[in-house]
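These are the residues of each chain, in order.
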Amino acid sequence: MNLSRTSRLSTSRRTAAAVALALTGLVAATAPTASAAPTAPAAALAAPDIPLANVKAHLTQLQSIATANGGNRAHGRPGYKASLDYVKAKLDAAGFTTSVTTFTSGGATGYNLIADWPGGDPNQILMAGAHLDSVSSGPGINDNGSGSAAVLETALAVSRAQLKPTKHLRFGWWGAEELGLVGSKAYVNSLPATERSKFSGYLNFDMIGSPNPGYFVYDDDPAIEKTFKDYYAGIGVPTEIETEGDGRSDHASFKNVGIPVGGLFTGASRTKSSAQAQKWGGTAGTAFDRCYHSSCDTTANINDTALDRNSDAIAHAVWTLGSGPVDPPGDAYENTADVAVPDNGAAVTSTVTVAGHTGNAPAALKVGVDIKHTWRGDLVVDLLAPDGTAYRLKNSSGSDSADNVIATYTVDASAEAANGAWKLRVQDIAAQDTGYIDSWKLTF
């Protein structure tokens, strides 16, 4: 996992953003808000138990590869390519269609491995992935042999079950994550917009066997988050929202282009609190992974219970989310005309006119938004119904330092007439950054 962070926000800017946020919050409090995405189907096929011994056998192989190749499996080093070849051979033998894509980083060739399971709706892709590279200072068995091995064994379980999912299943192993998510960014950037729109979700698994573990769930997509939380509630294990590596693993590459994401994490260099130790066991006052990015991140640096639980949770999510009913495409209405968003200025709107529908809009109206902006935390975004009712899609946030707003929101618009002029309203509430509405669409 790559946990580097930079900050562009000065003290005065944070103060201004906080004041603006407080003012816009008053507006948001009076407006309906975008609802959570529909929950995962409850009637999915039961997932198999993932054998811990099989996952650990993969980790033993990754350790052996590192030992034989200078002690690591880093990008541009022979240990990485040997790791990829090992995973690919397992998938090829299990009946997957595999492909290796290349990219360049730091003057060295990098590799991603993609594996597709035959069948399923090609317009509804569920993908699970993990980064396969280590840092150069160690073999990277928890970071991230653990996620790579568990995703591999889940894929092999799909083959053993000869699963026939309703969605198309795809698995990925990324290179050069430790250098800034380079491999996953290269993959996502290679996908045409029409291909990106086919993804129903991407599940990321980075460090899931930490020796002093916590049980953290990404809170990005509500349906995916609920799937993992329901699994852990079912086995009596409490969870917390993942914050330590938020946006700093490969799911960020997918999230930044509007693909729903989720995943699991057991902690890196942060210290486990007394409350967390009481909840999960382990040692308070000690890092979740004391060998994070170190030479001691070996097969001895794995908590078997955490690895076992998380491996089973991955299978549960793949079976549940991959075997549920496929969403129909719906009728789409789009405006692709650019609209400039003034810096720290008045709100602007872009209009989509809906006609030919009877009755009201759906309870799960999809609002796809593509706003190019140099500081997304400045933006307040609303959907305006034809009668002027405002549905808050996004509040401003002084800590939201990423670029662009590329996301799909779900709004309960069942109280609104379907036909008429719907508007996307965008306001920049703080100075120093600029952008524009690139496009947006409604899907009924």
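First, a word on scope: everything that follows refers to the structure included in this document. This is a predicted model, so every value here is computed, not measured.

Concerning the overall build of the chain
On a plain count of helices and strands, the chain comes out with 10 helices and 17 strands. In the chain, which comprises 444 residues, the proportion classed as buried is 52%. Sequence-distant contacts in the chain: of pairs separated by 6 or more residues, those separated by 24 or more amount to 79%. If you sum the accessible surface of the chain, you get close to 17,400 Å²; carbon and sulfur atoms cover 52% of it.

Describing the pairing of strand β14 (residues 390–394)
Of all the five residues making up β14, five are buried; the element is thus mostly covered by neighbouring parts of the structure. Bridge analysis of strand β13 (residues 379–384) against β14 gives four bridges, and the strand direction is antiparallel. The partner of Asp382 across the bridge, within β14, is Arg392. Following β13, the chain reverses through five residues before pairing antiparallel with β14; Gly388 in that reversal takes a positive phi of roughly 95 degrees.

Details of unusual backbone geometry
The residue after Asp143, namely Asn144, is reached through a cis peptide bond having omega 5 degrees. For Ala176, which is not glycine, the phi dihedral falls at a positive 55 degrees. For Ala176, the position within the fold is in the loop between β4 (167–174) and α5 (182–190). Here Ala176 falls in the buried class, since its relative accessible area comes to 0%. You will see that Gln432, though not glycine, has its phi angle at about 95 degrees, which is positive. Residue class for Gln432 comes out exposed when judged on its relative accessible area of 60%.

Digging into the state of the cysteines
Covalent bonding between the sulfur atoms of two cysteines defines a disulfide. According to the stated counting rule, one finds one disulfide in the structure shown. With its sulfur 2.0 Å from that of its partner, Cys291 forms a disulfide with Cys296. Of note, the bridge from Cys291 to Cys296 carries an S-S torsion of about -115 degrees and is left-handed in sense. By relative accessible area, which is 1% here, Cys291 ends up buried. Under the relative-accessibility criterion, Cys296 is labelled partly exposed at 31%.

What to know about helix α10 (residues 304–322)
For α10, with 19 residues, the first-to-last C-alpha span of 27 Å sits near the 27 Å given by 1.5 Å per residue. Where burial is concerned, most of α10 is hidden: 14 out of the 19 residues are buried. By the N-cap criterion, in which a side-chain oxygen at the helix start approaches the backbone nitrogen of a residue two or three places on, α10 is capped by Asn303, the distance to Thr305 being 3.1 Å.

Observations concerning the packing of aromatic side chains
Taken as a whole and judged by the stated rule, the model has 17 aromatic pairs. A centroid spacing of 5.4 Å and a plane angle of 85 degrees characterise the contact between Phe216 and Phe288, whose relative ring orientation is edge-to-face. With Phe216 in strand β6 (residues 216–217) and Phe288 in the loop between α9 (274–280) and α10, this residue pair connects regions lying 72 residues apart in the sequence. Residue Phe216 shares its accessibility class with Phe288, and that shared class is buried. Both rings, one in Trp422 and one in Phe444, keep their centres 6.5 Å apart while their planes meet at 80 degrees; by these two values the pair is edge-to-face. A residue pair is termed long-range when its members are at least 10 positions apart, and Trp422 in strand β16 (residues 420–428) and Phe444 in the segment after β17 (435–443) qualify at 22 residues. Just as Trp422 is buried, Phe444 falls in that class too. Taken together, Tyr215, Phe216, Tyr231, Tyr232, Phe265, Trp280 and Phe288 form an aromatic cluster joined through their ring pairs. In this structure, Lys279 packs its charged tip against the face of Trp280, placed 5.1 Å from the ring centre.

Thoughts on the nonpolar core
Core analysis: the biggest nonpolar cluster contains 62 residues, and Leu91, Phe171, Trp173, Leu203 and Phe205 have the highest contact counts within it. Other than its neighbours up to four places away in sequence, Leu203 contacts Leu126, Met127, Ala128, Gly129, Ile224, Gly262, Ala317, Val318 and Leu321. Counting residues in each nonpolar core, the second largest holds 29 residues, with Val354, Tyr391, Tyr409 and Ile437 among its members.

Digging into the sheet that holds β13
Taken in spatial order, the four strands of this open sheet run β11-β16-β13-β14, and their pairing is antiparallel. Looking along the sheet, the strands with just one partner apiece sit at the ends: β11 (348–354) and β14. Looking at each pair of strands side by side, their axes are set apart by 20 degrees on average, direction ignored. Alignment of β11 against β16, held across seven bridges, turns out to be antiparallel. From the neighbouring strand, Thr353 faces β16, where its bridge partner is Ala421.

Description of the sheet that holds β4
A sheet is described by the order of its strands in space; here eight strands give the open sequence β1-β2-β4-β3-β5-β8-β6-β7, paired in mixed fashion. In the strand order of this sheet, the two ends are held by β1 (97–105) and β7 (240–241), each with one partner.

The rules behind the values
Residues numbered from 1 in each chain as written. Predicted model: local features only at pLDDT ≥ 70, side-chain atom pairs only at ≥ 80, totals over all residues. Heavy atoms only, no water. Helix = DSSP H or I, 4+ residues; strand = E, 2+ residues; numbered from the N terminus. Buried < 20%, exposed > 50% of the residue type's maximum accessible area, 1.4 Å probe, protein only. Contact = heavy atoms within 4.5 Å. Areas by Shrake-Rupley, 256 points an atom, 1.4 Å probe, with all protein chains shown as cover. Pairing = 2+ DSSP bridges. Disulfide = S-S within 2.5 Å. Expected span 1.5 Å × (residues − 1). Polar contact = N/O pair within 3.5 Å; in protein donor to acceptor, adjacent residues only side chain to side chain. Phe/Tyr/Trp six-rings, centres within 6.5 Å; stacked < 30°, edge-to-face > 60°. Lys NZ or Arg CZ within 6 Å of the ring centre and 35° of its normal. Core = buried A, V, L, I, M, F, W, Y, C linked by side-chain atoms within 4.5 Å. Axes fitted to C-alpha atoms, helices over the stretch in contact; angles between N-to-C directions.

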